[in-house]
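Secondary and tertiary structure notes
The chain contents come next:
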Amino acid sequence: MYKDPNKSKQWGMNEMILQIIKEQVTDDEAAPPVESSDVLHLRLEYRNIRHIECLWDFTSLTRLDLNNNLIDKIQGLDHLINLKWLNLSFNRIKKIEGFQSLQKLELLNLSDNKISVIESLDAIENLTHFFLSNNCLEQLDNVLYLRRFKNIFAITLFGNPAVDDDNYHSFMAAHFPNLILLDSIVIDENTRNEASTKYQYVLDKMRNEEVEIQKAEEDQQRQEAELKLHKDAFVEFLNGPGLFGSMFEDDPEKETLHCAPGVDCQMEALCTQLFETGLAEHKRRESEGNSFRSGQSEVGHEIFFWFKSIKEFDSSISEMVANFIDTAEGIYLFCNLEDNYYQKAREAALETVAKVANDAQDEDMPYDVLMFFTDKDAVLDALTTGHDNHIVKINDRETRLVTDINVWKLTLIKEVIN
């Protein structure tokens, strides 16, 4: 009978971990087994481990020692979301990776491996101790990656080619103002002051760049938060000329047939009105939801009052949604504006066709545009196709808005009931 070697290997790893837990947690042979989810510290050093696996149930683990093994790849840590201390020293690791879920990590020991680049630690929020001695790091500038950790307290790098640089100590002292221990030695005040003076210009430039980056990131976060709010209110991209502009994306000859003046302003005004109404209604719905949730604790477990409060909540939310849909369906007014635009654009296009036919067109008209307006049927076909596209996009936007808010309402009520 065929036996899967991977399953056998995993079973062996599981058995080993269970035995280690029993050894480390209790000396009582008769004691009941400890649940993996309750283990806080796991020591797996000196076990000839080649692959990190079978740790998915250790969700409460805060410290993991895997030093002095045969590990060549960092993996299998995805479920250790509470890990604060990780020791992977004395292994065969060549690349820093696999830290996406370790946001709470504070101490990371990767000493005595084969790592040449510091990278892929972006998910960690508050690293305070980083040990990378006796590795293959060649570029001292790469250490600047660690500046993202504002509270980093100790860094160990001895035994790397990069530390042979004569400026190593002053470089580190200048670029890491909160660093206390470098290679297990306290950075004295004189070294720090001399380093600050030596690298003042570089540091000022770097700080300005970091401020700009931070500002850009904050702007990006603000924009994303605004977009999320607009999506939650079902009015995304309605606070400006977005809808009007998107209508022309698929138009034939869109660069040649110019928009009729005034129509876009009217559409934008209607979109803005719907956008502001949507935000206001979203705020009302949020308030109603918060009031309902806070009221649940007061209702208690009485079935009658529980059903009564849910019924009242359903009725209130349904009324709000219905009122907003009535307002949103006013978007059909855009169709009237589109008809108006189409008529104006058609009149302007036919006037241009007539001018071209009588050789009375503007002198600066490009040749390809001139040739287009020599074919009246092609001009009218392009206008008609564009008009049809505009109507479809307007109707699609209305349908999407109404559908999304109805789905939201049904989902909310189901969550409340369950």
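This text gives an overview of the structure that appears in the document.

About the cut-offs
- Residues numbered from 1 in each chain as written.
- Predicted model: local features only at pLDDT ≥ 70, side-chain atom pairs only at ≥ 80, totals over all residues.
- Heavy atoms only, no water.
- Patch = residues over 30% accessible without salt bridge, like charges linked within 9 Å, V, L, I, M, F, W, Y side chains within 5 Å.
- Areas by Shrake-Rupley, 256 points an atom, 1.4 Å probe, with all protein chains shown as cover.
- Salt bridge = Lys/Arg side-chain N within 4 Å of Asp/Glu carboxyl O.
- Helix = DSSP H or I, 4+ residues; strand = E, 2+ residues; numbered from the N terminus.
- Buried < 20%, exposed > 50% of the residue type's maximum accessible area, 1.4 Å probe, protein only.
- Lys, Arg positive; Asp, Glu negative; His and termini not counted.
- Polar contact = N/O pair within 3.5 Å; in protein donor to acceptor, adjacent residues only side chain to side chain.
- Contact = heavy atoms within 4.5 Å.
- Phe/Tyr/Trp six-rings, centres within 6.5 Å; stacked < 30°, edge-to-face > 60°.
- Axes fitted to C-alpha atoms, helices over the stretch in contact; angles between N-to-C directions.
- Parallel < 35°, antiparallel > 145°, perpendicular 65-115°, else oblique.
- Nonpolar A, V, L, I, M, F, W, Y, C, P; charged D, E, K, R; others polar.
- 1 Å grid on protein atoms, 1.4 Å probe; cavity = no way out; pocket = protein on both sides within 12 Å on 5 of 7 lines; lining within 4 Å.
- Points joined across faces, edges and corners; volume = space filled by probe spheres on them.

**Some thoughts on a nonpolar patch on the surface**
Together, Phe153, Ile180 and Val186 make up a nonpolar patch on the protein surface, roughly 240 Å² of accessible area in all. Along the chain, the position of Val186 falls in strand 8 (residues 185-186). Residue class for Val186 comes out exposed when judged on its relative accessible area of 54%.

**As for the side chain of Asp251**
Along the chain, Asp251 falls in the loop between helix 5 (242-246) and helix 6 (263-299). For the buried Asp251, no salt bridge exists, and the shortest N-O distance to an oppositely charged side chain is 6.5 Å, to Lys393. One polar contact links Asp251 to His390, side chain to side chain, over a distance of 2.6 Å. Non-local contacts of Asp251, meaning those with residues more than four positions away in its chain, are made with Gly386, Asn389 and His390.

**Examining the packing of aromatic side chains**
Tallied over the full model, the rule gives 4 aromatic pairs. Between Phe292 and Phe313, the ring centres sit 4.3 Å apart and the planes meet at 20 degrees, which makes this aromatic pair stacked. Linking Phe292 in helix 6 with Phe313 in helix 7 (residues 303-328), this pair joins segments that are 21 residues apart in sequence. Here Phe292 and Phe313 have matching classes, each one buried. Plain terms: the ring middles of Phe372 and Phe373 are 5.3 Å apart, the flat faces sit at 75 degrees to each other, and that makes the pair edge-to-face. Both residues of the pair, Phe372 and Phe373, count as buried.

**Some thoughts on the environment of Asp38**
Structurally, the position occupied by Asp38 is in the loop between helix 1 (5-25) and strand 1 (41-43). Placed 20 residues apart in sequence, Asp38 and Phe58 show a C-alpha to C-alpha distance of 7.3 Å.

**Brief notes about unusual backbone geometry**
Even without being glycine, Asn48 reaches a positive phi, approximately 55 degrees. Relative to the elements of secondary structure, Asn48 occurs in the loop between strand 1 and strand 2 (63-65). In this model, Ser120 sits at a positive phi of 60 degrees, which is unusual for a non-glycine residue. As for its placement among the helices and strands, Ser120 is situated in the loop between strand 4 (107-109) and strand 5 (129-131). On the accessibility criterion, Ser120 (37% relative accessible area) is partly exposed.

**With respect to the pattern of salt bridges**
Pairing is possible between side chains that carry opposite charge, provided their charged atoms lie close to one another. Considering all chains together, one arrives at 12 salt bridges under this definition. Note that Arg222 is salt-bridged to Glu226, the shortest N-O span being 3.5 Å. Taken as a pair, Arg222 and Glu226 lie in helix 4 (residues 200-232) at a separation of 4 residues, close to a single helical turn. Judged by its relative accessible area of 36%, Glu226 falls in the partly exposed class. Here the salt bridges do not stand alone but share partners, grouping Glu236, Arg397 and Arg400 into one network.

**Considering the packing of helix 2 (residues 168-175) against helix 3 (residues 189-198)**
At a minimum axis distance of 8 Å, the contact between helix 2 and helix 3 shows a crossing angle of 85 degrees. Relative to helix 3, the element helix 2 lies roughly perpendicular. Contacts from Ser170, Ala173 and Ala174 in helix 2 reach Thr191, Arg192, Ala195, Ser196 and Lys198 in helix 3. Looking at the contact of helix 2 with helix 3 residue by residue, the classes come out as 3 nonpolar, 3 polar and 2 charged.

**Here we look at empty space enclosed by the protein**
Counted by the stated rule, this structure contains 1 cavity of 30 Å³ or more. Approximately 90 Å³ is the volume found for the largest cavity. Surrounding the largest cavity, 13 residues form its lining, Asp251, Leu257, Tyr341, Leu383 and His390 being those nearest its centre. At the level of elements, helix 8 (333-357) and helix 10 (376-417) are the ones that each hand at least two residues to the lining of the largest cavity.

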